[in-house]
Amino acid sequence: MSDGRQDRRPWRDVGRDVDDELTFHLEMRARDARAQGLDTDAARREAERRFGDLERIRREVRTIDEQVMRERGRQSMWRDLRQDVNYALRGLWRTPGFTAVALLTLAIGIGANTAIFSVVNAALLRPLSFTDPGELVFLWNRNTDGRPTPFGPGRMMDFRAQSTSFSGFAALSHISYTLTGRGDPETLPGASVSSTFFDVLGVRPLIGDTFHGGHADPNAVVLTYGLWVRRFGGDPSIVGRAITLNRRARTVVAVMPREFFWPFITGTPTAGAGPDLFVPGGPGDVPRVAIDEDRDVRDNRNAGYIRVVARLRPGVTERQADAEVRAIGARLSVQYPQDGGRTAMLVDARTQFFGTLERPLIVLAMAVVFVLAIACANVASLLLARGAARRRDLALRRALGATRLRIARQLLTEALVLSVAGAAAGAIFAWWSVRMLLRVAPDDVTALSVTLDWRVLIYAAAVAVFAGVAFGIAPALQCSRGDLTSALAEGSTRASGSRRSSRVRDWLVACQIAIAVLLVAGAALLVRSFASLTHVDTGIDTRNLLTFAINLTGRTAEYQSEQVRFYAALQERLLALPGVTAAGSAVTLPIGGDDFGTTYQVDGRPIPEPGQEPAGGYQVVMPGFFSAMGIRILEGRDVALTDTRNSQGVVLVNETLARQQWPAHSPIGKRVRISAEEPWLTVVGVTSDIRHLGPAVPPRPEIYQPASQRSFPFMAFVVRTAGDPYQMVPSIRHAVAELDPTLAIADVKTMDDHIAHAVARPRFVSALVTGFSVLALTLAVIGIYGLMGWSVAQQQREIAIRMALGAEKASVLALVLRKAAWLAGAGIAAGLAVTPIATRPMGALLFGVTPADPLSLAAAALALAFVTLFAAFVPAARAARIQPGTLVRS
Amino acid sequence: MSDRTSVDLLQGTLTALILKALSWGPLHGYGIARWIEQATGDELLVEEGSLYPALHRLEARRLITSHWTKSDTNRRVRSYTLTEDGRAQLRAELSRWGRFSAAVTRAFDARKTRTT
């Protein structure tokens, strides 16, 4: 009998075949020779002689055959693959409903994952755009309460001289610069940096040359790409030309490339906006102070405004360096009591830039992975149902000789084809959702330059393949396991009686419900947290409250008396504007602006050890600030312009400070001072509390000093308007220009905008997780509906018989719904059990709710119960409408 | 030397002879050898073994296929069949041989007439 399949078997034994064939030839020849009368030996010799060189021929034939086999093996592999892919494509094309639902589900799951991973990639994975960014660290003073604060110049210089862990050391400060002489004056955020700054980072400019260690023209300025394009039209000839900053000519020496990413360096890390320009430091290569730029500040240890970035010496670990700076910090604090008992600490560059983004991103990443899990479960469930429906078809194929492996491979191929197509659709969805995401994202996310780079695409591809294998494997195992005869024997109407497949699908749906509970509960927690955050009383009346910043320059900036005169004059003009009902100013703007802190001493109490003094917020205000902000004066009086540098030093304190220091008495007339070197200040008033640091941070003690007794060349103004605050901006600009045409107003925003900005990140996270949980619910509904619809179709005959025997419609409805209730119950119970564990990492993001908040859990459970029964109701109603007669007969 | 010449000649025509042998139906290697031996009067197939590399090469080119059968003595026998491609190849070889031999014959004849 011929065996047609033999040729295709890759494991055919070539050697044996060739030997058999050649031996047969020799034997036949010998037999014929014997027939002609030769004896056995002679006949054999004659056969061998005529044959020729047996060994050579054997080798030659074997070589040919082996080569052929290798080639055909390769061909058949490709042929099988092409066949599988074709088969899968044809199958998917024939069932457009299935394909559409599966593709959409996958596109959503993979797309959302890719989008979120793009952000994760930009913040947490992609290397920073510096040379060897892993070696860069930020050095901070470590306060006695563990918080990082900036250095005073003297202390910074001691660290620079004494530390041995660093191969490079650069200090910087943040200063605003008003650009004039080119259209309207504009206030720009800038940084004053050590001459070593760019060398420590290891960055090169796009054009020109930056300053280098020890070589910096004090009048040089380096522009960022953004400023260069926005204000100078990207003109390369700007290098070498002079621009006017704070009324002083500075020569542009370089423009940084677009990729140069440098945010403001603050104690609570943010990766939002950064300086627009960089100028070299002052005497001693110490970053300049905002007030009186050219003053030599080397003796000052206390004014904390200097931030430090350093590069670890090769071979020195961050841990070793941290130990060293800690020791130096402690030693200096013993040597100089005015250092206030501080030590020092290191923060690695990535944490400094993106540290506060890490946790929200992890929560978002977890949420999308759960969405993907639900999506995969849906597709697996769909494929299982499809596999069950095709059982007869597959059994037939097996009967016709296809191996189990072959069929399993085919099903897996189908799943992979589906997931690759899903990934392609997902990539488009991801591209779109990244754009959407950036539109609603807080500015520290938009600053990230989120892109779909190759890491993201690899991730998406990995997710797709993983998804394909994950949901392809179950149906593949199932179908290759199924036994032939039972599958073939089943009638066509019940082609899918596989109980196992139905049980797997029950499991999948229960898991989907559990994960959906988790996501909905997480979303509920975040939404509740966000709601309580936005309903917090900040202590400020934010209605129609416009804020802007003024940075004085030149002569007005140099003398405190001039500063105060200017502020008073501006306030007077503002109040004279029609539509302005109140105006005031303070050195730092609550919530939206900067934050000054101080320690203080209380008259009549023992002087605490350094580092043990009470601390609070420090604020300098003009008269009228409190009433303009809606802050009440609970006791005593407001500051007044009659509080001069020649009269008694006075302060107001807030109720929190009053309660802490004088719980039983009125604080009026009590005295405090900032330090032993400063004069005593008498408390003349008590104000209501505000949340200076944002809605999420409870009120802290605050000390308010009158600007007329201590002022700064920058001030934040608040203006209460009768109508739309932004309508007042032109007349405010005009009022400022009338006083000094070289001044600009900066950061023009309403207080509501500042608060919205302060809660932008929680809003972003809660909105996204809510979006994901809606996706999860939708996908779960599809899953449940699919399963229930399918199981009703399975039980049609049974239901028809029951109805023929007199069962009520209601009892049929109950039969179907009971199963849905079971699944929902199991899923919800499992979900509730894991939710408190899974939401624990969210704890730090939550405000006013705990991760195990019973209300959120209950809401999630209810939502899922409702959704499950809703999804089951349509198939149940269909079951109840079954006409017994038609089905029983068929 | 003369052996070499006949072998070279054989390599060119062996393919055509094998295809011709199989044009009447499936044969095993020995059967093909016997047919060539009888058809050419034992002139061409000097080394019978050289038939086999030729057969396997033809199979690799899909001009013939092979399958295993059992002989009357219950031995495994590899039997070859001409494919459609093989049949077309045989026609091509025959017409080429026809033209070639006609040309050679003409050449030989022409030489004879010129000398006379």
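Residues numbered from 1 in each chain as written. Chains lettered and ligands numbered in written order. Predicted model: local features only at pLDDT ≥ 70, side-chain atom pairs only at ≥ 80, totals over all residues.

### Overview of the overall build of chain B
For chain B, the count of helices and strands is four helices and three strands. Of the regular secondary structure in chain B, the N- to C-terminal order runs α-β-α-α-β-β-α. Long-range contacts, defined here as pairs at least 24 residues apart, represent 48% of the contacts in chain B between residues at least 6 apart. (Helix = DSSP H or I, 4+ residues; strand = E, 2+ residues; numbered from the N terminus. Contact = placed C-beta atoms within 7 Å.)

### Description of the overall build of chain A
Per the secondary structure count, chain A includes 25 helices and 23 strands. Computed over the C-alpha atoms, the radius of gyration of chain A is 39 Å, more than 25% above the 29 Å expected from 2.2 N^0.38 for a compact globule of 890 residues. Dimensions of chain A, computed from the C-alpha atoms along their principal axes, are close to 140 × 85 × 55 Å. Looking at the 890 residues of chain A, the share that counts as buried comes to 44%. Considering only contacts in chain A between residues 6 or more positions apart, those separated by 24 or more positions represent 81%. (Rg over C-alpha atoms; globule rule 2.2 N^0.38 Å. Buried ≥ 20, exposed ≤ 12 C-beta atoms within 10 Å, placed from the backbone.)

### Description of the interface of chain A and chain B
At the junction of the two partners, chain A supplies 21 residues and chain B supplies 18 residues. Secondary structure elements with two or more residues in the side of chain A that touches chain B: helix H1 (14-35), helix H2 (40-51) and helix H3 (54-94) of chain A. When the residues that make up the side of chain A that touches chain B are grouped by side-chain class, the tally is nine nonpolar, four polar and eight charged. (Nonpolar A, V, L, I, M, F, W, Y, C, P; charged D, E, K, R; others polar.)

### Digging into the domain arrangement of chain A
Residues and elements named next belong to chain A. Per the domain assignment, the segments making up chain A are domain 1 (6-81), domain 2 (95-128 + 357-494), domain 3 (144-341), domain 4 (498-537 + 753-890) and domain 5 (554-741). Summarising the inter-unit geometry, the C-alpha centres of domain 4 and domain 5 are found 54 Å apart. Taken together, the contact pairs eight residues of domain 4 with six residues of domain 5. Examining the composition of the side of domain 4 that touches domain 5, we find that four residues originate from one element, helix H21 (residues 751-758), more than from any other. Considering only residue class, the side of domain 4 that touches domain 5 consists of six nonpolar, two polar and no charged. (Domains from an automatic or database assignment.)

### Notes on the sheet that holds strand E2 (residues 64-70) of chain B
Residues and elements named next belong to chain B. Spatially, three strands are ordered E1-E3-E2 in an open sheet, and the strand pairing comes out antiparallel. With partners counted over all chains shown, the strands left at the sheet margins are strand E1 (27-28) and E2, one partner each. Here E1 runs beside strand E3 (residues 76-82); their pairing, made up of two bridges, is antiparallel. Bridged to histidine 28 within E3 is serine 79. (Pairing = 2+ DSSP bridges.)

### Observations regarding the nonpolar core
Residues Val221, Val371, Ile374, Ile513, Ala516, Val517 and Ala776 of chain A are the most contacted members of the largest nonpolar core, which totals 237 residues. Here this core gets 23 residues from one element, more than from any other, and that element is helix H9 (residues 349-389) of chain A. What valine 371 of chain A contacts, discounting residues up to four positions off in sequence, is Gly109, Ala112, Phe772, Leu775 and Ala776 of chain A. Core analysis: the second largest hydrophobic core is formed by 25 residues, Ile36, Leu58, Leu63 and Ile64 of chain B among them. (Core = buried A, V, L, I, M, F, W, Y, C linked by C-beta atoms within 7 Å.)

### Considerations on helix H5 (residues 153-162) of chain A
Across the ten residues that make up H5 of chain A, a large majority, seven, are buried. Taken residue by residue, H5 of chain A has Pro153, Gly154, Arg155, Met156, Asp158, Phe159 and Arg160 of chain A as its buried positions.

### Remarks on the packing of helix H17 (residues 560-576) of chain A against helix H20 (residues 729-739) of chain A
All names here are of chain A. Here H17 crosses H20 at 140°, and the two axes come no closer than 10 Å. Here H20 runs oblique to H17, going by the angle between their axes. Like other packed secondary-structure pairs, H17 and H20 cross with a definite hand, here right-handed. Listed contacts from H20 to Phe566, Ala569, Leu570, Arg573 and Leu574 of H17 are Ile732, Ala735, Val736 and Leu739. When grouped by side-chain class, the residues that make up the contact of H17 with H20 number eight nonpolar, no polar and one charged. (Axes fitted to C-alpha atoms, helices over the stretch in contact; angles between N-to-C directions. Parallel < 35°, antiparallel > 145°, perpendicular 65-115°, else oblique. Left-handed = near helix turned anticlockwise from the far one by under 90°.)

### A look at the confidence of the model for chain B
Per-residue confidence for chain B gives a mean pLDDT of 81, with 81% of residues at or over 70. Note that residues 1-8 of chain B has pLDDT below 50 and, in this model, three contacts with residues that lie over four places away or in other chains. (pLDDT = per-residue confidence, 0-100.)

### Things to note about the pairing of strand E22 (residues 714-721) of chain A
Residue and element names in this part refer to chain A. Buried residues dominate E22, accounting for eight of its eight residues. Taken together, the seven bridges between strand E12 (residues 545-551) and E22 define a ladder with antiparallel strand orientation. The residue of E22 that forms the bridge with phenylalanine 548 is phenylalanine 717. In this structure, strand E13 (residues 580-586) lies alongside E22, joined through six bridges in antiparallel fashion. Among the inter-strand pairings, serine 585 is bridged to a residue of E22, identified as phenylalanine 717.

### As for the packing of H1 of chain A against H2 of chain A
All names here are of chain A. Contact geometry of H1 with H2 gives a least axis separation of 8 Å together with a crossing angle of 130°. With respect to their mutual orientation, H1 and H2 come out oblique. Considering only the axes of H1 and H2, their crossing is right-handed. The residues of H2 that touch H1, namely those facing His25, Leu26, Arg29, Ala30, Ala33 and Arg34, are Thr40, Ala43, Arg44, Glu46, Ala47, Glu48, Arg50 and Phe51. Split by residue class, the contact of H1 with H2 holds six nonpolar, two polar and six charged.

### Brief notes about the pairing of E2 of chain B
All names here are of chain B. As defined by bridge partners, E2 adjoins E3 across seven bridges and the pair is classed as antiparallel. Across the sheet, residue histidine 67 finds its bridge partner in E3, namely serine 79. Counted between consecutive antiparallel strands, the loop separating E2 from E3 contains five residues, among which asparagine 74 sits at a positive phi close to 65°.

### Some thoughts on the environment of arginine 147 of chain A
Within the secondary structure layout, arginine 147 of chain A lies in the loop between strand E1 (136-142) and strand E2 (148-149). Separated by 121 residues in sequence, arginine 147 of chain A and threonine 268 of chain A have C-alpha atoms that sit 8.8 Å apart.

### Considering the confidence of the model for chain A
Residue and element names in this part refer to chain A. For chain A, the mean per-residue pLDDT works out to 86, and 93% of the residues sit at or above 70. Mean pLDDT across the elements of chain A bottoms out in helix H14 (residues 484-489) (55) and peaks in strand E20 (residues 681-687) (97). Segment residues 1-10 is flagged for pLDDT under 50; beyond a separation of four residues in sequence, or across chains, it makes nine contacts in the model. Counting interchain partners and residues more than four positions distant, the pLDDT-below-50 stretch residues 491-497 has nine contacts.

### A short note on unusual backbone geometry
All names here are of chain A. Of note, arginine 247 is a non-glycine position whose phi angle comes to about 65°, a positive value. With respect to the helices and strands, arginine 247 occurs in the loop between strand E7 (242-245) and strand E8 (248-255). Although it is not a glycine, aspartate 285 sits at a positive phi angle of roughly 55°. If you trace the backbone, aspartate 285 turns up in the loop between strand E9 (277-280) and strand E10 (307-312). With 20 C-beta atoms counted inside 10 Å, the residue aspartate 285 sits in the buried group.

### Regarding the environment of aspartate 80 of chain A
Tracing the chain through its elements places aspartate 80 of chain A in helix H3. Along the primary structure aspartate 80 of chain A and aspartate 506 of chain A are separated by 426 residues, whereas in three dimensions their C-alpha atoms are 34 Å apart.

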